[in-house]
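Structural description and commentary
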Amino acid sequence: MTDQPSATPTPHAPAAPPRPPGSARRMFAMTVLVSEVFIVLFASLVAHGLRLADLGLIWGVGGAAMLACAVCAGLLRHRAGYVLGSVVQVLLLAAGFLLPMMFVIGVIFGVLWVASVQLGGRIDVERKQRYAAEVEHFRSQSA
């Protein structure tokens, strides 16, 4: 056994600086969009099985909606992702004119989208304030 100093910090040594917080709004919005991909897939399968419309129409609308949701989820690092995500919500609601069951999906996910963007934004503001306080505390402990 060798006498080496311990790797654990002493009570007076500051820990590493805090990491910046991730975005709650992006996480919530991405969850809504990815969930929408699966729900639209299942709704398309139901519409196909029940022959609610022409099969080309069902899979055209469903496929376009799934692709749009997936693309928007990938763009959420930018403001354009949120704008396009909002457009997708309106288009899903409008798809109800072609496939009536899409009205229900459009309304449900529209409400979830608005809630995720608004609540996620509030959480992000609170996280930024806490992060600023943690950084200030870290700097005061380091000095």
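One can find the structure itself at the top, above this paragraph.
Residues numbered from 1 in each chain as written. Predicted model: local features only at pLDDT ≥ 70, side-chain atom pairs only at ≥ 80, totals over all residues. Heavy atoms only, no water.

Examining the side chain of S116
We count it as follows: Strands are runs of DSSP state E lasting at least two residues, helices are runs of H or I lasting at least four, and both sets are numbered from the N terminus onward. The contact rule is simple, with two residues in contact once any of their heavy atoms fall within 4.5 Å.
Along the chain, the position of S116 falls in helix α4 (residues 101-142). When near neighbours in sequence (up to four residues on either side) are disregarded, S116 contacts R25, F28, A29, V32 and G121.

Structural notes on helix α2 (residues 55-74)
Put simply, the rule reads: Multiplying 1.5 Å by the residue count of a helix minus one yields the expected span of that helix. When a residue's accessible area, from a 1.4 Å probe over protein chains only, is under 20% of the maximum for its type it is buried; when over 50% it is exposed; and in between it is partly exposed. The arc refers to the directions leading from the helix axis to the C-beta atoms.
Along its 20 residues, α2 runs 28 Å from first to last C-alpha, staying within 8% of the 28 Å computed at 1.5 Å per residue. Restricting attention to buried positions, one finds in α2 the residues I58, V61, G62, A65, M66, C69, C72 and A73. The buried residues of α2 all sit within an arc of 130° when viewed along its axis, so they share a single face. Opposite its buried face, α2 presents the exposed residues G56, L67 and G74, each directed more than 90 degrees away. On its buried side, α2 packs onto α1 (24-50) and α3 (79-94).

What about the pattern of salt bridges?
Oppositely charged side chains can form a pair if their charged atoms are brought close together. Put simply, the rule is: Any Lys or Arg side-chain nitrogen located within 4 Å of an Asp or Glu carboxyl oxygen qualifies as a salt bridge.
Using the criterion set out here, one finds one salt bridge in the structure. Ionic pairing is found between E134 and R130, a salt bridge with its closest N-O pair at 3.0 Å. Within this pair, E134 and its partner R130 are both found in helix α4, separated by four residues, close to a single helical turn. Owing to a relative accessible area of 30%, E134 belongs among the partly exposed residues under this scheme.

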